[in-house]
Amino acid sequence: MIGLLRICVLLVLFSVVHSTCKPQQCQPTDPDVLGPYYINLKGQKALNDTNMTLCGPALSQFRHLPLMKVKGHIYDEDCATRLSNTLIEVWQADNAGVYHWQTCRGYMKSDRNGSYEFWTIHPGWYAIAPGSLYRPAHVHFKVTANGHDILVTQMYFGGDVYLGLNDSCQVCSSDKCDLITTVVTVNTATNQQHNEVNFDVILKRDIVTRVAQVFDQDNEEMEGFPVGRQKRAAMDYANYRSYFKRDHN
């Protein structure tokens, strides 16, 4: 009886999270915590055209599990300009909610159209502490693009009862609508099916880029001014750029 009551409470809280979701306006993707299982690039595998599987049937323990495609685009904060050659690091727990140091983690770069994709299995739940609620299924992202702030975030799945208030991590962002994806079933040309999610990322421009844009606008407005004033503006910009690169990187 207690177990049934707990499930009902979880479902009610889950419905509250989704009822408050509204169509997203143009704004940078919400950040989320890095978590304790990130390792640097040296410990990750490259995901490329010959191997696009993050966590899947190459390992015997995952061979029986269906693969899911994760795809999307990387955008500038204007929500229109796609960012190519963006470094995308991803890692996740396996279907049992266990993290591995040698697999289920990797990196790739967005293509010339700012798009990316990889294949993986659906991650499982896990509890942060014995007896606690579970963390909802999620995939970690760390996205790095020139001229933009580094984004650390997590991608979640719609329909997960541990989203939002049910999440055992109270500082995580599983209540943010832009981080919650919809799983769809796709039919292929060979009459096969697979699950697929789309996760677009919008990056915020960094301070150096913002300063450059201000000075570019000022220079356009100064075209009719004396050369000396234009040179001083150029020197100001160079000084600002040097300062922010030194103290804010």
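Positions within a chain are numbered from 1, following the residues in the order the chain's sequence is written. Residues qualify for local features only when their pLDDT is at least 70, as the model is predicted, and side-chain atom pairs are given and counted only at 80 or more; totals for whole chains, interfaces and linings, by contrast, use all residues. Processing note: side-chain calculations cover all non-hydrogen atoms of the structure and skip hydrogens and water entirely.

(A) Structural context of the state of the cysteines. Note on terminology: pairs of cysteine sulfur atoms within 2.5 Å are recorded as disulfides. For the structure on display, the rule yields three disulfides. Note that C26 is cross-linked by a disulfide to C79, the S-S spacing being 2.0 Å. Taking the torsion about the sulfur-sulfur bond, which here is approximately 100°, the covalent link between C26 and C79 counts as right-handed. Of this pair, C26 sits in the loop between helix 1 (2–19) and strand 1 (45–46) while C79 is found in the loop between strand 3 (68–75) and strand 4 (87–92), placing the two residues 53 residues apart along the sequence. Burial classes: relative accessible area under 20% of the type maximum marks a residue as buried, over 50% as exposed, and values in between as partly exposed (1.4 Å probe, protein chains only). Residue C79 is classed as partly exposed on the basis of its relative accessible area of 25%. Here a strand is any run of E in DSSP of at least two residues, a helix any run of H or I of at least four, and the numbering for each starts at the N terminus.

(B) View of the packing of aromatic side chains. Here a Phe, Tyr or Trp ring, Trp counted by its six-membered ring, pairs with any other such ring whose centre lies within 6.5 Å, and the pair is stacked when the planes are under 30 degrees apart, edge-to-face when over 60, and tilted otherwise. According to the stated counting rule, one finds eleven aromatic pairs in the structure shown. Seen from their ring centres, Y116 and F141 are 6.1 Å apart, and the 70° between their planes marks the pair as edge-to-face. Of this pair, Y116 sits in strand 6 (residues 115–120) while F141 sits in strand 9 (residues 138–144), placing them 25 residues apart in sequence. Among the residues examined, Y116 registers a relative accessible area of 5% and is labelled buried. When the centroid spacing of 6.1 Å and the interplanar angle of 35° are considered together, the rings of W125 and Y134 count as tilted. On the basis of relative accessible area, W125 is assigned to the partly exposed category, the value being 39%.

(C) Structural detail: the sheet that holds strand 4. Overall, mixed pairing links the six strands, which are arranged 1-5-4-9-10-11 in an open sheet. The outermost strands of the open sheet, each flanked by one partner alone, are strand 1 and strand 11 (180–181). Two strands qualify as a pair provided that DSSP identifies no fewer than 2 bridges between them. Note: strand 1 against strand 5 (residues 105–109), two bridges, orientation parallel. The residue of strand 5 that forms the bridge with A46 is Y107.

(D) Looking closely at the layout of surface pockets. Buriedness for pockets is judged along seven lines, at least five of which must meet protein on both sides within 12 Å for an open set on the 1 Å grid over protein atoms alone, while cavities are sets there where a 1.4 Å probe fits but cannot get out, and lining residues have an atom within 4 Å of a point. Grid points are joined across faces, edges and corners, and a volume is the space filled by probe spheres set on the points. In this model, the second largest pocket occupies a volume close to 190 Å³. Lining the second largest pocket, in full, are L47, N48, D49, M52, M108, K109, S110, D111, S115, Y116 and E117. Looking at the lining of the second largest pocket, the elements with two or more residues in it are strand 5 and strand 6. Tallying contributions element by element places strand 6 first for the lining of the second largest pocket, with three residues.

(E) Fine view of the nonpolar core. Throughout this description, the term nonpolar core refers to a set of buried Ala, Val, Leu, Ile, Met, Phe, Trp, Tyr and Cys residues connected via side-chain atoms within 4.5 Å. The biggest cluster of nonpolar side chains holds 35 residues, and the ones touching the most others in it are V90, Y116, F118 and F141. At the level of elements, strand 2 (53–55), strand 3, strand 4, strand 6, strand 9 and strand 10 (151–157) are the ones that each hand at least two residues to this core.

(F) Molecular detail of the pairing of strand 5. Bridge count for strand 4 against strand 5 is five bridges, and the pairing is antiparallel. Bridge pairing links E89 to Y107 in strand 5.

(G) Structural detail: the side chain of S173. You can see S173 is positioned in the loop between strand 10 and strand 11. Of the residues examined, S173 reaches a relative accessible area of 10% and is grouped as buried. Polar contacts involving the side chain of S173 include one to the main-chain carbonyl oxygen of P31, which spans 3.0 Å. Two N or O atoms form a polar contact when they lie within 3.5 Å of each other; inside protein one atom must be a possible hydrogen donor and the other a possible acceptor, and for residues adjacent in sequence the pair counts only when both atoms belong to side chains.

(H) Main features of the pattern of salt bridges. The working definition used for a salt bridge is a side-chain nitrogen of Lys or Arg within 4 Å of a carboxyl oxygen of Asp or Glu. For the structure on display, the rule yields five salt bridges. Between E196 and K71 there is a salt bridge; the shortest N-O distance is 3.7 Å. Of this pair, E196 sits in strand 13 (residues 193–198) while K71 sits in strand 3, and the two are 125 residues apart along the sequence. For E196, a relative accessible area of 12% translates into the label buried. Under the relative-accessibility criterion, K71 is labelled partly exposed at 25%. Where salt bridges share partners, they join D76, E77 and R205 into one cluster.

(I) Broad picture of the pairing of strand 4. Counting buried residues along strand 4, six of its six residues qualify, which places the element largely inside the surrounding structure. Taking every second residue as pointing to the same face, both faces of strand 4 are buried, with L87, E89 and W91 on one and I88, V90 and Q92 on the other.

(J) Expanded view of the environment of S115. Tracing the chain through its elements places S115 in strand 6. Classification of S115 by relative accessible area gives buried; the value is 17%. We call two residues in contact when some of their heavy atoms are within 4.5 Å. Those residues in contact with S115, other than ones at most four positions away along the chain, are G72, H73 and S110. At 2.6 Å, the side chain of S115 and the side chain of D111 are in polar contact.

The values are spatial; any link to function lies outside them.
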